[in-house]
Amino acid sequence: MLNPIQNNVRHKLDLSGIWDFKIDPDEIGEQSGWPNALADAGPIAVPGSWNEQYADLFEYLGVAWYMRRTYVPQTWQGQRVFIRVGSANYFGTVYVNGTKVGSHEGGHLPFAFEVTKLVRWGEENVIAISVENHLKPTRVPSGKLPSALGAFASFPSTTFDFYPYAGIHRPVMLYAVPQDYIEDVTVVTGIDGTEGSVKVMVRLNTSGAAQGSVRLVGGDAPVEADLRFSGGVAEAEMRVPGARFWSDTDPFLYDLVIETASDRYTLPIGIRTVAVRDNQILLNGRPVKMNGFGRHEDFYASGRGLNLPLLVKDYQLMRSVGANSYRTSHYPYSEEEMRLADSTGFLIIDETPAVSLQFDSEENMAERMRICWQQIEELITRDKNHPSVLIWSVANEPQPQKLNLTKVDVEGNRADPSVVWGKQFLDTLVRHARELDPTRLVTLVGVMGGLMDWLRECDVTCINRYWGWYVDGGQMDKALTQLDEELDLTWQTLRKPIIMTEFGADTMVGFHSQPPLMWTEEYQAEYVRGHLEVAARKDFVAGMQVWHYADFAAVQSVMRVGGVNMRGVFTRTRQPKMAVEVLREFWVKDGGATDSGKAE
Ligand code: BDP
């Protein structure tokens, strides 16, 4: 699943733009010839969520069809041609010239199918993609299930607190590679004093013997090694004297150029290591704090669709408050975004779509496990070479059957089968991620009042806490005392560095009060200040990530004014609330971040 690139032997054709579109509520499209032609279609932007583009489709989550016609460049003849969808939420099926080429489940990861034999050279090709986003109890994330957080009872019926946007959310492209091509590359970097090491594993699509080379460009002198393939696989290790190590303050990237007789692939890489020692996270052997935000891919009109100007703006705004980190809450973000994190030095907790998992019946859990397993594999395959990714998060807020927000529960009631099922399920996910990638840290994010025991297997303890909001709202002193005590207890119990992956207060921009009352900007500012002060006293706190970066679309409920979660320190249109100044005070170091996004 290498990201398609353009060079002298590889080609790509981005099909982003206005496509034909038609909903199919009765699900008759496939047997009615829609893969070949869409009668009475309307226009739709790809990428983008359909819910935002048509007011009458805001709540529509059933099947919809996309169609686009294109020539395939004549120069690609003789190569292998693929169609690739960056993401389609939730279930996508691709047809080329009327033939079904494959389907994919899961909303936030790319999928590709080879279509070489179906291409019509010298004529138009018809590409049709059907997408549906039915909310179902066994999907990940799940819908139409009773939520342990009863107050989230919502419309549409999700178990999660963000709008279930539907559609093709990332670019669709055709790409071409040589007949014998580089199928996969895995890079593992190490540090020994001032020397870097770069271990490269390359897999070809063919299993015969072959030769190739790998070159690291961008340092003082290029470093090279030979690749000798046997069974289609080759490994090489390069030593890089005087290497420039990748970090959040110096996100230096080398180009790794891999060449075989017929193919060539260039991958930007960073030389860095990540580890945990006692109560700290170490980047290149030095303690680092991962401060920043929980976020969403969310905006007016584009919905969850890739929005490049917004991306650049968001990175600049995050940097302007001194943030160096965020979590891809609650699903994998776009590949464009991951590359930007590499080049601008953000430290990422990369999360799967497993938000609000429930452990309700063995049958449901088996189905969810199948999907979680696949999503972890697809995520790690996609993102394993990004230096920015330090931590895999395999779940956010798995839900015990009974949730008591006010009480820290260490072991849980073992007579409750869901307590035991949850532990087995989550341990399995953590171990699976660790097996696939032993070079990074693995975590899952614990819910307030959840079981500490479920987090034991993790390398880093990530917790979401809402003292002063859902519990002890309006009573900041009491809330901060509870937070203080709970952080100590969590450290003493689990003995791993702690990142607070969520803490925050809903805030209506422009609401003010003295004394600070809930929902006002003053309250959010005090809340954030109080939390950062408590954390600053504890050296085992390895990061503070405010929930949320910006207000975002949620489902309708009594908790979400206008269907918006207002916990952002920026509004949905990216205007600052008062809390932004507090973050600057704590996070912007002397000189601080500049508008260009680079720390000075
Ligand atoms: C946590 C969830 C997050 C919600 C947040 C909230 O992880 O998705 O948006 O609470 O209530 O439970 O704002």
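Residues numbered from 1 in each chain as written. Predicted model: local features only at pLDDT ≥ 70, side-chain atom pairs only at ≥ 80, totals over all residues. Heavy atoms only, no water.

(A) Structural view of the side chain of His386. Mapped onto the fold, His386 is located in the loop between helix 4 (362-383) and strand 26 (389-396). If sequence neighbours within four positions are ignored, His386 has contacts with Arg272, Met338, Arg339, Asp342 and Arg440. (Helix = DSSP H or I, 4+ residues; strand = E, 2+ residues; numbered from the N terminus. Contact = heavy atoms within 4.5 Å.)

(B) Broad picture of the site of the ligand. By nearness alone, 14 residues border the ligand, and Asp161, His330, Glu397, Tyr470 and Glu502 come closest of all. At 2.7 Å from an oxygen atom of the ligand is found a side-chain nitrogen or oxygen belonging to His330. Contact with the protein chains removes 96% of the 320 Å² of surface that the ligand exposes when unbound. Taken together, the residues of the shell around the ligand sort by class into five nonpolar, four polar and five charged. (Near = heavy atom within 4 Å. Polar contact = N/O pair within 3.5 Å; in protein donor to acceptor, adjacent residues only side chain to side chain. Areas by Shrake-Rupley, 256 points an atom, 1.4 Å probe, with all protein chains shown as cover. Nonpolar A, V, L, I, M, F, W, Y, C, P; charged D, E, K, R; others polar.)

(C) Molecular detail of the packing of helix 6 (residues 476-494) against helix 7 (residues 521-536). Put simply, helix 6 and helix 7 touch, their axes get as near as 10 Å, and they point 30 degrees apart. For the element pair helix 6 / helix 7, the angle class is roughly parallel. The element helix 6 and its partner helix 7 pack so that their crossing is right-handed. Counting all contacts with helix 6, which are made through Met476, Leu480, Leu483, Asp484 and Leu487, the residues of helix 7 involved are Tyr523, Glu526, Tyr527, Gly530, His531 and Val534. When grouped by side-chain class, the residues that make up the contact of helix 6 with helix 7 number seven nonpolar, two polar and two charged. (Axes fitted to C-alpha atoms, helices over the stretch in contact; angles between N-to-C directions. Parallel < 35°, antiparallel > 145°, perpendicular 65-115°, else oblique. Left-handed = near helix turned anticlockwise from the far one by under 90°.)

(D) The arrangement of the pairing of strand 16 (residues 223-229) in detail. Here strand 16 shows a clear split, with Val223, Ala225, Leu227 and Phe229 buried on one side and none of Glu224, Asp226 and Arg228 buried on the other. Connecting the antiparallel pair strand 15 (residues 210-217) and strand 16 is a turn made up of five residues, with Gly218 showing a positive phi of about 125 degrees. (Buried < 20%, exposed > 50% of the residue type's maximum accessible area, 1.4 Å probe, protein only. Pairing = 2+ DSSP bridges.)

(E) Region of the structure containing the sheet that holds strand 26. Ordered in space as 23-24-25-26-27-28-29-30, the eight strands form a closed barrel in which the pairing is parallel. Going across the sheet, the axis of each strand differs from the next one's by a mean of 25 degrees, ignoring polarity. Direction of pairing for strand 25 (residues 347-351) relative to strand 26: parallel, over a ladder of four bridges. Note on strand 26: the bridge partner recorded for Ile349 is Ile391. Contacts between helix 5 (residues 417-436) and the sheet are confined to strand 26 and strand 27 (441-446), with strand 27 contributing the most and set at about 155 degrees to the helix. Along the sheet, helix 7 contacts strand 29 (498-502) and strand 30 (541-546); its crossing angle with strand 30, the most-contacted strand, is approximately 170 degrees.

(F) Expanded view of the environment of Gly231. Residue placement: Gly231 occurs in the loop between strand 16 and strand 17 (233-240). Expressed as a C-alpha distance, the spacing of Gly231 and Met365, which sit 134 residues apart in the sequence, is 37 Å.

(G) Summary view of helix 4. The end-to-end C-alpha distance of helix 4 is 31 Å, a good match for the 32 Å that 22 residues give at a rise of 1.5 Å each. Listing the buried residues of helix 4 in full gives Asn364, Met365, Arg368, Met369, Ile371, Cys372, Gln375, Ile376, Leu379, Ile380, Arg382 and Asp383. The inward-facing, buried residues of helix 4 contact strand 8 (99-105), helix 3 (335-344), strand 25, strand 26 and helix 5. (Expected span 1.5 Å × (residues − 1).)

(H) Structural context of the confidence of the model for the protein. Looking at the protein, pLDDT values average 95 and 97% of them are 70 or higher. For residues 591-600, every residue scores under 50 in pLDDT, and the model assigns this stretch 13 contacts once sequence neighbours within four places are set aside. (pLDDT = per-residue confidence, 0-100.)

(I) Region of the structure containing the packing of helix 7 against helix 8 (residues 579-587). For the pair helix 7 and helix 8, the least separation of the axes is 8 Å and the interaxial angle reads 20 degrees. Classified by the angle between their axes, helix 7 and helix 8 sit roughly parallel to one another. Along this stretch, helix 7 crosses helix 8, giving a crossing that reads as right-handed. Touching Gln524, Ala525, Val528, Arg529, Leu532 and Glu533 of helix 7 are Ala579, Val582, Leu583, Glu585, Phe586 and Trp587, all from helix 8. Class assignment for the residues of the contact of helix 7 with helix 8 results in eight nonpolar, one polar and three charged.

(J) Structural detail: the sheet that holds strand 3 (residues 42-46). Taken in spatial order, the six strands line up as 3-2-4-10-7-8 in an open sheet, and their pairing is antiparallel. Two strands lie at the open edges of the sheet, namely strand 3 and strand 8, each paired on one side alone. Put simply, the sheet's adjacent strands are angled 30 degrees from each other on average, direction ignored. Looking at chain direction, strand 2 (residues 17-23) and strand 4 (residues 64-70) are connected through four bridges and run antiparallel. From the neighbouring strand, Asp20 faces strand 4, where its bridge partner is Met67.

(K) Inspection of the pattern of salt bridges at higher detail. Going through the model one piece at a time under the given rule, you end up with 47 salt bridges. A salt bridge links Arg203 to Glu183; the shortest N-O distance between them is 3.2 Å. Here Arg203, found in strand 14 (residues 195-204), pairs with Glu183, found in strand 13 (residues 182-192); they are 20 residues apart in sequence, far enough to count as distant. The class of Arg203 is partly exposed, set by a relative accessible area of 36%. Asp484 serves as the salt-bridge partner of Lys538, at 3.1 Å between the closest nitrogen and oxygen. Here Lys538 is found in the loop between helix 7 and strand 30, whereas its partner Asp484 is found in helix 6, with 54 residues between them in sequence. We classify Asp484 as buried; its relative accessible area is 18%. (Salt bridge = Lys/Arg side-chain N within 4 Å of Asp/Glu carboxyl O.)

(L) Just the side chain of His11, in detail. Within the element layout of this structure, His11 appears in strand 1 (residues 11-14). On the basis of relative accessible area, His11 is assigned to the buried category, the value being 17%. Other than its neighbours up to four places away in sequence, His11 contacts Ile5, Gln6, Trp76, Gln79, Leu174, Tyr175 and Ala176.

(M) Main features of unusual backbone geometry. Between Phe155 and Pro156 the backbone carries a cis peptide bond, its omega angle lying at -10 degrees. Cis geometry marks the peptide bond from Gln514 to Pro515; its omega dihedral reads 5 degrees. Turning to its location among the elements, Pro515 is positioned in the loop between strand 29 and helix 7. The phi torsion at Asp40 lies on the positive side, around 50 degrees, for a residue other than glycine. Secondary-structure assignment places Asp40 in the loop between strand 2 and strand 3. We classify Asp40 as exposed; its relative accessible area is 74%. Within the chain, Lys144 stands out as a residue other than glycine whose phi angle is a positive 50 degrees. Residue placement: Lys144 occurs in the loop between strand 10 (125-132) and strand 11 (167-168). A relative accessible area of 56% places Lys144 in the exposed class.

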